[in-house]
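In case you want the letters, here they are:
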Amino acid sequence: MERSRVLLVDAAPGALLGRELERLLGHGLAVTLNLRRVADGAGARADWGGRVDFTDFDPFDEAALLAETVRDGLGHHAVKSRAGVPLRAAFLVGATRPGLAHPLRVIGRAGAGTDHVELAAAARHGVTVTHTPGSNADAVAEFALAQLLALTRGLRSYDEAAHRGEWRAATAPPEELSELTLGIVGPGRIGRALAGRASALGMEVQAFSRRPAVTSAPAVPDLAPALASARDLTSASVSVPDLASALASVPDLASALASAPDLTPAPASAPDLAPASTPQPAPASAPGPAPRPNRSLPDLLATSDVVSLHLPLTPETRGLIGRAELALMRPGAILLNTARGGIVDEQALADALRDPAHPLAAAAVDTFEHEHAAFASPLFGLPNALLTPHVAGMTRTAMATAALRCADHIAALLAGRPEGIPVVTA
């Protein structure tokens, strides 16, 4: 039986490459590895020659990407990316065209989010899109906390002054974290992970969600007293009227719990499809305690000292934070964006940071409207803008979890086993 073909557009880096390749090969897949972003291409050829095929192209060149995907009329059943390589309608048309021996069936993203894929076009051409939500939740939460600490304590300016040989004393001592309120826009896996860390440091945390169910869940009665009174069910004389009464008060307990997804840890995103001998990545940690809900985005912006964004980029969230929203922020406020660049109007943000009378004092931005080879931003050169190249989720554990989980998802979908696999539709 012919093996399904998978093109690794950008593989996991460093030592993680071997783990990713072993996982895919263990699923019986035929792998084509793009060496363009592999640090030691010669070493990869020496280590994996005979087991995988090789190619070398710029994945952000759409014409080159399509040419390699359909080379010699063979095609690939699946394409896997890590850095959000754009996969638009023209690529999807070419990769699924009639006459290919192996037309594209699956797109896998080793990471959270699928805004790099034109989902409507994928659906039209029968291509299933999957990703690994939650795989980098802890990593991004830690990074956002680092941004918060760096800006609230002015570490960047002190570092720059010290490197110039200046001994700069604090002219206006900052507030401690316990005096500050953190506002989280999007209390999903990452937002909840950040909320738990910030709460542990004494911050007051509030959150705005676009989905009412996240911030408003039906109350579930405390069954602990009733269960405690029924501890020994082996005794014939035991009576548990309290338990029966408590259960009766929730006629559809399963429905009540299902309507409160953020109150329970997220389920595993994929079954264990790897060979038994393959090491499994650690699952993403369960979300922390729910932050205090705020049903109004304007109110959250006006009552938070630090605002951190944790939303997917969708037509509804594009441009969510613009000039009007920035003007609502509390004087001296800080904005953190580790979500997606298009959520914030970068020109409006740059104008606000240049204006000494604007309430926004500083921002930390890890995601941009234009990234990689097209990287450009009006935020360049602003001393109160802390800029990083979309690295918040790139820890060793997060990247290993994402790579191995994505391999499992692709293998399951190609084998016709979609149960439990996160699939994104338009």
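Residues numbered from 1 in each chain as written. Predicted model: local features only at pLDDT ≥ 70, side-chain atom pairs only at ≥ 80, totals over all residues. Heavy atoms only, no water.

### Thoughts on the overall build of the chain
Rules: The helix count covers DSSP runs of H or I at least four residues long, the strand count covers runs of E at least two residues long, and both are numbered beginning at the N terminus. For the exposure calls, accessible area comes from a 1.4 Å probe over protein chains only, and a residue counts as buried if that area is under 20% of its type's maximum, exposed if over 50%, partly exposed in between. Residue-level accessible areas treat just the shown protein chains as cover; the underlying method is Shrake-Rupley with a 1.4 Å probe.
Along the backbone of the chain there are 16 helices and 14 strands. Evaluated residue by residue, the chain yields a buried proportion of 48% over its 426 residues. For the chain, the exposed surface amounts to about 20,100 Å²; the carbon and sulfur share of it is 57%.

### A closer look at the pairing of strand β5 (residues 106–109)
This is how the line gets drawn: Whether two strands pair comes down to DSSP finding at least two bridges between them. When the strands point away from the viewer and the path from the first strand over the helix to the second turns clockwise, the crossover is right-handed.
Neither face of β5 is exposed, since V106 and G108 on one face and I107 and R109 on the opposite face are all buried. One ladder, built from four bridges, connects strand β4 (residues 78–81) with β5; its direction is parallel. Looking across to β5, one finds that A78 is bridged to V106. Crossover connection from β4 via helix α4 (residues 89–95) to parallel β5: handedness right-handed. As defined by bridge partners, β5 adjoins strand β6 (residues 128–130) across three bridges and the pair is classed as parallel. Bridge pairing links G108 to T130 in β6. Regarding the hand of the β-α-β motif, the stretch spanning β5, helix α5 (residues 119–124) and β6 is right-handed.

### Looking at helix α3 (residues 62–69)
This is how it is decided: Think of the arc as the fan of directions from the helix axis to the C-beta atoms. We call two residues contacting when some pair of their heavy atoms lies within 4.5 Å. Polar contact is defined as a pair of N or O atoms within 3.5 Å, subject to the rule that within protein one atom must be able to donate a hydrogen and the other to accept it, and that residues adjacent in sequence are counted only when both atoms are side-chain atoms.
Among the residues of α3, those classed as buried are L65, E68 and T69. Looking down the long axis of α3, one finds its buried residues gathered within 100° of arc, a one-sided arrangement. Check the buried side of α3 and you find it contacts β1 (5–8), β3 (53–55), β4 and α4. The distance from a side-chain oxygen at the start of α3 to the backbone nitrogen of A63 is 3.1 Å, and the residue carrying that oxygen is D61.

### Topic: the sheet that holds β1
Across the sheet, which stays open at both edges, the seven strands sit in the order β3-β2-β1-β4-β5-β6-β14 with mixed pairing between neighbours. Unpaired on one side and paired on the other, β3 and β14 (423–424) mark the two borders of the sheet.

### Let's talk about the pairing of strand β11 (residues 333–337)
Within β11, five of the five residues are buried, which leaves it mostly tucked inside the rest of the structure. Going residue by residue along β11, you find A333, L335 and N337 tucked away on one face and I334 and L336 tucked away on the opposite face as well. Relative to β11, strand β10 (residues 306–309) runs parallel, the two being bridged by four bridges. Bridge pairing links V307 to L335 in β11. The parallel pair β11 and strand β12 (residues 360–365) is bridged by helix α15 (residues 346–354), and the resulting crossover is right-handed.

### Here's the deal with the sheet that holds strand β8 (residues 204–208)
Here is the rule we go by: Convention adopted: a line fitted to C-alpha atoms gives each axis, helices being fitted over their contacting stretch, and angles between N-to-C directions are expressed from 0 to 180 degrees.
Read across the sheet, seven strands follow the order β9-β8-β7-β10-β11-β12-β13 without closing on themselves; strand pairing throughout is parallel. Since the sheet does not close on itself, it has two edges, and those belong to β9 (292–293) and β13 (385–387), each with one partner. Note: strand β7 (residues 181–185) against β10, four bridges, orientation parallel. Within the sheet, the bridge partner assigned to L182 lies in β10 and is V306. Against the sheet, helix α8 (residues 189–200) touches β7, β8 and β10, its axis set at about 175° to β7.

### Concerning the environment of L17
Of note, L17 is situated in helix α1 (residues 16–26). C-alpha separation for the pair L17 and A400, spaced 383 residues apart in sequence, amounts to 9.1 Å. If sequence neighbours within four positions are ignored, L17 has contacts with A11, A12, L33, V38 and A44.

### Observations regarding the confidence of the model for the chain
In plain terms, the rule: Per residue, pLDDT measures the predictor's confidence, with a range of 0 to 100.
On average, residues of the chain carry a pLDDT of 86, and 82% of them reach 70 or more. Within the model, pLDDT remains below 50 along residues 213–284, and this stretch shows 75 contacts once partners closer than five positions in the same chain are excluded.

### Describing the pattern of salt bridges
Quick reminder of the rule: Every case where a carboxyl oxygen of Asp or Glu lies within 4 Å of a side-chain nitrogen of Lys or Arg is listed as a salt bridge.
Tallied over the full model, the rule gives 17 salt bridges. Among the salt bridges present, the one from E20 reaches K80, with a minimum N-O distance of 2.9 Å. With E20 in helix α1 and K80 in strand β4, this residue pair connects regions lying 60 residues apart in the sequence. Each of the two residues, E20 as well as K80, counts as buried. Residues E160 and R156 are paired through a salt bridge, measuring 3.5 Å at the closest nitrogen-oxygen approach. Of this pair, E160 and R156 both sit in helix α7 (residues 155–163), four residues apart, which is roughly one turn of the helix.

### Thoughts on the side chain of S81
Relative to the helices and strands, S81 is located in strand β4. With sequence-adjacent residues up to four places away left out, S81 is seen in contact with V9, D10, G108, R109, A110 and H116.

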